[in-house]
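Residue-level listing of the chains:
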Amino acid sequence: MNDEHRGWHPVATATDLGAGPLAATLFGAELVLWRDEAGAPHALADRCPHRGTQLSLGAVRVVDGRAQLECPYHGWRFDGAGRCLHIPAQPAFTPAAGHAAQGHPLREAHGLLWVSFDGATSALPDPGPVPGRAVVCGPYDVATSAPRVVENFLDTSHFAFVHEGWLGDRGHTEVPAYEVLLRADGAPGVPHYRAWQPQASAQSAGGAWIDYRYQVLSPCSAVLVKQAGGDAPAPQEAYALWVAPLEPERSRVWFTLYTSDPVTPDATLRAFQHTIFTQDQPVLESQRPRRLPLSGGEAHCAADRLSAAYRRYLQAQGITYGVC
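Residues numbered from 1 in each chain as written. Predicted model: local features only at pLDDT ≥ 70, side-chain atom pairs only at ≥ 80, totals over all residues. Heavy atoms only, no water.

Visitor: Residue-level account of the overall build of the protein chain, with values.
Guide: Broken down by element type, the protein chain carries four helices and 18 strands. Projected onto its principal axes, the C-alpha coordinates of the protein chain cover approximately 75 × 45 × 35 Å. When the accessible surface of the protein chain is totalled, it reaches about 14,200 Å², and 52% of it is carbon and sulfur. Across the protein chain, the mean location of the 25 positive side-chain charges is 4 Å away from that of the 32 negative side-chain charges. (Helix = DSSP H or I, 4+ residues; strand = E, 2+ residues; numbered from the N terminus. Areas by Shrake-Rupley, 256 points an atom, 1.4 Å probe, with all protein chains shown as cover. Lys, Arg positive; Asp, Glu negative; His and termini not counted. Charge placed at Lys NZ, Arg CZ, Asp CG, Glu CD.)

Visitor: Describe the environment of His300, with residues and values.
Guide: Considering the arrangement of structural elements, one finds His300 in the loop between α3 (266-286) and α4 (305-316). Sequence spacing of His300 and Arg107 is 193 residues, and the spatial spacing of their C-alpha atoms is 38 Å. Here Glu298 takes part through its backbone oxygen, which lies 3.4 Å from a polar atom of the side chain of His300. (Polar contact = N/O pair within 3.5 Å; in protein donor to acceptor, adjacent residues only side chain to side chain.)

Visitor: Got a sec to walk through the packing of aromatic side chains? Specific residues and values, please.
Guide: Taken as a whole and judged by the stated rule, the model has eleven aromatic pairs. For the pair Trp114 and Trp242, a centre-to-centre distance of 5.0 Å together with 85° between the ring planes defines the contact as edge-to-face. With Trp114 in strand β11 (residues 112-116) and Trp242 in strand β17 (residues 237-247), this pair connects stretches of sequence that are 128 residues apart. For Trp114, a relative accessible area of 1% translates into the label buried. Note on Trp242: relative accessible area 0%, which makes it buried. Between Tyr193 and Tyr212, the ring centres sit 6.4 Å apart and the planes meet at 85°, which makes this aromatic pair edge-to-face. With Tyr193 in strand β14 (residues 188-197) and Tyr212 in strand β15 (residues 208-218), this pair connects stretches of sequence that are 19 residues apart. What makes Tyr212 buried here is its relative accessible area of 3%. Among the aromatic residues, those joined into a cluster by ring pairs are Phe159, Tyr178, Tyr193, Tyr212 and Tyr214. One residue, Arg305, lies across the ring of Tyr178, its end atom 4.8 Å from the ring centre. (Phe/Tyr/Trp six-rings, centres within 6.5 Å; stacked < 30°, edge-to-face > 60°. Buried < 20%, exposed > 50% of the residue type's maximum accessible area, 1.4 Å probe, protein only. Lys NZ or Arg CZ within 6 Å of the ring centre and 35° of its normal.)

Visitor: How would you explain the packing of helix α1 (residues 146-154) against α4 if you had to name every residue and give the values?
Guide: As a packed pair, α1 and α4 sit with axes 9 Å apart at the nearest point and diverge in direction by 150°. Considering how the two elements wind past one another, α1 and α4 form a crossing that is right-handed. Contacts between α1 and α4 involve Pro147, Arg148, Val150, Glu151 and Leu154 from the first element and Leu306, Ser307, Tyr310, Arg311 and Leu314 from the second. Classifying every residue of the contact of α1 with α4 by side-chain character gives six nonpolar, one polar and three charged. (Axes fitted to C-alpha atoms, helices over the stretch in contact; angles between N-to-C directions. Left-handed = near helix turned anticlockwise from the far one by under 90°. Contact = heavy atoms within 4.5 Å. Nonpolar A, V, L, I, M, F, W, Y, C, P; charged D, E, K, R; others polar.)

Visitor: Tell me about the pattern of salt bridges, and please be specific about residues and values.
Guide: Counted by the stated rule, this structure contains 14 salt bridges. Here Glu70 ties to Arg61 by a salt bridge, and the two come within 3.1 Å at their closest N and O atoms. Put simply, Asp211 and Arg194 hold a salt bridge, and the shortest N to O gap is 2.9 Å. Separated by 17 residues along the polypeptide, Asp211 in strand β15 and Arg194 in strand β14 bring together distant segments of the chain. For Asp211, a relative accessible area of 11% puts it in the buried group. Of the residues examined, Arg194 reaches a relative accessible area of 35% and is grouped as partly exposed. Sharing partners across several salt bridges, the network here consists of Arg148, Glu151, Glu298 and Arg311. (Salt bridge = Lys/Arg side-chain N within 4 Å of Asp/Glu carboxyl O.)

By themselves, these figures tell us nothing about what the structure is for.
See the structure below:
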């Protein structure tokens, strides 16, 4: 894997992985996810080292109290690290290291399952202080690059047009001056941005001025914190965006909505976010090129200072996947 594939990337919603194997894709690599007898998730390359069959077509078998992933072709069985434990055609044979399937570190966080291709040496993206209740929204499969999705999430000047009547209206199109600050790793953020929104959240009863805080967490993730009125003692909502690059021009998107609201049903919160993102999706999929241009070719204005800082961050990180 290239250096830019380092770090942790989401591959599935945690609740989607049940008792059987689940296929997933990341950076064009096919993976199989499965849980052991204790419920711990594991990730292997979705290819049996014997004859190249997809392990995700197999099953999880419990043998002597130990869960093993069984290949559907010849029944070879593997543990969570990919080590081959049993070859039915030669039951007395002890499989060698060369019979192993490739394993990858897997963690469960933010309601998602995260895979690392670099040996789990990096920290998971951290949205920072957020309200306590978490609701996962998605996935959404989008025919564009991951950087295009992230940049759209950071963009405020489209609210009045793409989200008219929801996150913006045509009476409030101006983007006021705002400050962009860089973290120690160069990831840009905006400590304060204010916007008028007719329907800022699922719980909103009418229009209000909303205070925003943005932070890029990694090349493929970001968070925004929303606070109505600007005078409440704690954030009301935060939305974390997690994007898995499936291919250079194809992405899978999740949101984790953090809220201090204890009563609004999860389905209502998900329906609001579904409305917002499905307004974004056709616009995102219409953009050409689908890969985010880092080398020029698109005009900018002062309202784009955060997205411009994000592009510089990608360049500094040496990102070449999904950009041009």
